[in-house]
Amino acid sequence: MAHQCTNTLPWQGSAFRIAGVRGFSSLQVKVDDFCFHVDKNLPKDGKQVVFATAWLATDNVFVALMRKHFPEVLDGMNLVAIDTMHLFPTTLECAKLVEAKYGKKALWKMPAGVTTLDEFIAKYGDCEEMDSADFDFVSKVEPFQRALTECNKDILITGRRMDQAAQRISLDVC
């Protein structure tokens, strides 16, 4: 039986009035489309799914919609987050709030061999002096690869759209 999402929103029950909000119908269409694709493409138990989050608004909406409409899928999937040691304190605060509100702890990974910014600087150097590709690899790519290996999932969901970065448009899928 198909899952129904019509007329439900993550902020439902708040003081926000839906009536008279311009664009509401297009938002509902997006929510319904989201629900259709989750229901069609993801395993009902979420066991083969990993969601990579950077705690962006779109990532957090994804978690909220999954909790509301597909709690069993969210419970079964892994949520992966990377702490580059250079995140804003507000990002870490947001992460804690989302984890608590939606009851989904993330698998956090950090650059190899470090747990603090001071350790990062001692091992890898100051990020301002590093080559950007080297910084990206040690603080993002390598920890993410470790997380994916640990999760051992078949389906990876990211909060990125293909049009957000040219190099992501033609990613090779292994």
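In the block above lies the structure referred to throughout.
Rules and cut-offs
- Residues numbered from 1 in each chain as written.
- Predicted model: local features only at pLDDT ≥ 70, side-chain atom pairs only at ≥ 80, totals over all residues.
- Heavy atoms only, no water.
- Axes fitted to C-alpha atoms, helices over the stretch in contact; angles between N-to-C directions.
- Helix = DSSP H or I, 4+ residues; strand = E, 2+ residues; numbered from the N terminus.
- Parallel < 35°, antiparallel > 145°, perpendicular 65-115°, else oblique.
- Contact = heavy atoms within 4.5 Å.
- Nonpolar A, V, L, I, M, F, W, Y, C, P; charged D, E, K, R; others polar.
- Buried < 20%, exposed > 50% of the residue type's maximum accessible area, 1.4 Å probe, protein only.

### Things to note about the packing of helix α2 (residues 57-69) against helix α4 (residues 89-102)
Part 1 of the reasoning: Orientation of α2 relative to α4, taken along the N-to-C sense of each, is 5°, at an axis distance of 10 Å. Classified by the interaxial angle, the pair formed by α2 and α4 is roughly parallel. Contacts between α2 and α4 pair Asn-60, Val-63, Ala-64 and Arg-67 from the former with Cys-94, Val-98 and Tyr-102 from the latter.
Part 2 of the reasoning: Here the residues of the contact of α2 with α4 are counted per class, giving five nonpolar, one polar and one charged.

### Section: unusual backbone geometry
Part 1 of the reasoning: The backbone of Met-85 shows a phi angle near 75°, a positive value even though the residue is not glycine.
Part 2 of the reasoning: Structurally, Met-85 can be placed in the loop between β2 (78-82) and α4.
Part 3 of the reasoning: A relative accessible area of 11% places Met-85 in the buried class.
Part 4 of the reasoning: Even without glycine at this site, Asn-152 takes up a positive phi of about 50°.
Part 5 of the reasoning: Locating Asn-152 in the fold gives a position in the loop between α6 (132-151) and β4 (155-158).

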